[in-house]
Amino acid sequence: LGRHDEALVLKRVIFAKQVATFGVSHESIISGSNLANSLNELKLWDESEQLVRDQLVPAALRLLGANHHTTLLLSHRLATALWLNPERRDDLPEAEIIMQDVVQ
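Residues numbered from 1 in each chain as written. Predicted model: local features only at pLDDT ≥ 70, side-chain atom pairs only at ≥ 80, totals over all residues. Heavy atoms only, no water.

Student: Can you tell me about helix 2 (residues 26-41), naming the residues and giving the values?
Tutor: Between its first and last C-alpha, helix 2 extends 23 Å over 16 residues, near the 22 Å set by a 1.5 Å rise per residue. Every buried residue belonging to helix 2 is among Ser-28, Ile-29, Ser-31, Gly-32, Ser-33, Leu-35, Ala-36, Ser-38, Leu-39 and Asn-40, and all of these are buried. In the core, the buried residues of helix 2 are packed alongside helix 1 (4-22), helix 3 (45-63) and helix 4 (69-84). (Helix = DSSP H or I, 4+ residues; strand = E, 2+ residues; numbered from the N terminus. Expected span 1.5 Å × (residues − 1). Buried < 20%, exposed > 50% of the residue type's maximum accessible area, 1.4 Å probe, protein only. Contact = heavy atoms within 4.5 Å.)

Below, the structure is given as structure tokens:
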């Protein structure tokens, strides 16, 4: 329906409430992944990168492990944020390394 801005607001609220209620959990990590995806879709790459790199990937590694589907998905979201951001062309090698790690 093209109401991405409205969906982003809701995803922010859901993520914040899940973290407040359950702490960092598998459920809140999935909500955070959905939020990061929306941020990428709306070209808010810096915010997506910060969320995924600083909060979600470390939590997923700790709770789920490096080879869990959700952890790999988050790594993909991080690589996407780095790869698509035209202001961060210096980060393309890092995005490539992350994607190589995801597919191995």
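Additional details are given in the paragraphs that follow.
Student: Please provide a residue-by-residue account of the side chain of Ser-38, values included.
Tutor: Locating Ser-38 in the fold gives a position in helix 2. Residue classification places Ser-38 among the buried positions, given a relative accessible area of 4%. The contact partners of Ser-38, leaving out residues within four places of it in the chain, are Leu-8 and Lys-11.

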